[in-house]
Amino acid sequence: MALFDLRAEDRKDIVKHTADLLEDYYKNTKKRDVTPDLDIQNVRQYISDFAGGPIQESKNIINHVFGGLERHAVQIAHPSYFGLFNPRPAFPGIMADFMTATTNPQMAAWSHNPFTFAVEEYLIKELGQRFGYQQVDGAFCSGGAEANQTAVLCALNHTFPEYLMSGLRGLDKQPVLYCSSETHHSIAKAARMCGLGLEAVRHVKQNEQLQIDVEELDKMIEEDQLNGLVPFMLIATAGTTGPGSIDPLEEMGEIAKKHKLWYHVDGAFGGALALHSEKKSILAGIEKSDSITIDIHKWLAAPMGTGTFLTSHQDILSSTFRITADYMPKEGSEFDAEDPYTHSIQWSRRSLGLRMYMSLLFFGWEGYEQTIQHHMNMGQMMKDLLIEQGWTIMNDSLLPILCFKFDTHTEDELRNIYDYILKSKKAWISLYPINGEWTLRACITNYATSELEIKEFVELLNEARRSLS
Ligand SMILES: *Cc1c(COP(=O)(O)O)cnc(C)c1O
């Protein structure tokens, strides 16, 4: 018996015991506190006491680990977690991870995993078509940040092919990209990591709907050109992380075309609307983009670490990432298949597509549509109830995201309400400034959030307001 394999009976006991814990968690997530006590010493002690002691029997080990996950973390699977786009993971996706971890597919080379490779290829095609792309290529990645960095690299390569060999050093002018000030900060990080630097990110001011101001954008591009900068990329956000605004996708596409810019749409959260037969009209214009970011680990409820980058350019990924290495298996090039390591940022990586594929097999695309509709309904219900209770909604999002405040409250009072909610451990929300004014932000991010949790939340807000006096 190999030590790390354990014995067959032990394995079965462990799986059964773990399954019992997971089942209780799944059934009774709501009985958990949404927020943990944030006491770093306490958590360190929890680990050092257990790990520093003698090796324990398997049940105690499982209890220790699961206990840590349950007690010392924000429970993002909780139906009253109204947070930052993090989902309760759909059960089939969890099972996909369980199976995948067992056979451990290595996704660098195609020939190691024709099955998981074909699954990802299938999903990329299906997703791309739902966004209206005629031709689709793409890659699964760790999340929106990696997808956005992939976009910046593709845009650089597209506009400045010499970048691949000589880097930015080979360019005689400063390349710049455009996005709104509400754009996710992973774009700034990507600019840094690609060697562009933060100054290459040109933030365009927003209109009253918190969308990019298109006239201002056009003007800024022209001025920059006159000043010797080289605009190469335009980034729209479909669902900003704070207020959930959607940039004018159609008009931005026109501007990108006019100035020959790579047009990227960051739909990490809001891109999910493409899976809804009616709501996808909200994303009209996205089909003209050069690339799209959509996270499967947000609205589409896959476990954390599942993003996708899609592009309508067949060859850009290969031309950006192809490197040949003698030690890698070569079969990919003999077939009509592209080795993932020559096609994306990562090298060795886990299979990610199965997390979505399994859910798709269980629920179909209709299931995704239904779930998206449910989130929208819950968002509408929360909005109606908040307005009924006298709250002012400060954003005007087409997504189930609400930023709200009470007109008669001071900023301190608003913060006290926020503290009250978090300390109650019954719900999780965040604070977000809209045009310089602080608001409470609640997002429907969990498919298990029902009318009951919405009503309870609005009641909790009332309770918090009463506690002010
Ligand atoms: C979440 C988010 C990102 C970053 O994605 P990760 O999956 O966290 O890496 C980028 N853009 C937007 C609009 C997001 O909401």
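Enquirer: Give a detailed account of the environment of Ser281, specifying residues and quantitative values.
Expert: By secondary structure assignment, the location of Ser281 is in the loop between β5 (262-266) and β6 (291-295). Relative accessible area serves as the criterion here: at 52%, Ser281 is assigned to the exposed category. At a separation of 3.0 Å, a polar atom in the side chain of Ser281 contacts the main-chain carbonyl oxygen of Glu278.

Enquirer: Account for the sheet that holds strand β11 (residues 437-443), naming residues and giving values.
Expert: Strand order in the open sheet formed by four strands is β8-β9-β11-β10, with antiparallel pairing between adjacent strands. Both edges of this open sheet fall to β8 (392-393) and β10 (430-434), since each of them pairs with a single strand only. Examined bridge by bridge, β8 and strand β9 (residues 401-405) share two bridges and lie antiparallel to one another. Note on β9: the bridge partner recorded for Thr392 is Lys405. Contacting β9, β10 and β11, helix α14 (residues 411-424) runs over the sheet at an angle of about 25° to β11.

Enquirer: Outline the pairing of strand β2 (residues 175-180), supporting the account with residue identities and numerical values.
Expert: Within β2, six of the six residues are buried, which leaves it mostly tucked inside the rest of the structure. Going residue by residue along β2, you find Pro175, Leu177 and Cys179 tucked away on one face and Val176, Tyr178 and Ser180 tucked away on the opposite face as well. Here four bridges tie β2 to strand β3 (residues 201-204), and the two strands are oriented parallel to one another. Within β3, the position partnered with Cys179 by the bridge is His203. Taken together, β2, helix α8 (residues 186-193) and β3 constitute a β-α-β crossover, and its handedness is right-handed.

Definitions and limits used
Residues numbered from 1 in each chain as written. Predicted model: local features only at pLDDT ≥ 70, side-chain atom pairs only at ≥ 80, totals over all residues. Heavy atoms only, no water. Helix = DSSP H or I, 4+ residues; strand = E, 2+ residues; numbered from the N terminus. Buried < 20%, exposed > 50% of the residue type's maximum accessible area, 1.4 Å probe, protein only. Polar contact = N/O pair within 3.5 Å; in protein donor to acceptor, adjacent residues only side chain to side chain. Pairing = 2+ DSSP bridges. Contact = heavy atoms within 4.5 Å. Axes fitted to C-alpha atoms, helices over the stretch in contact; angles between N-to-C directions. Right-handed = clockwise from strand over helix to strand, strands pointing away.

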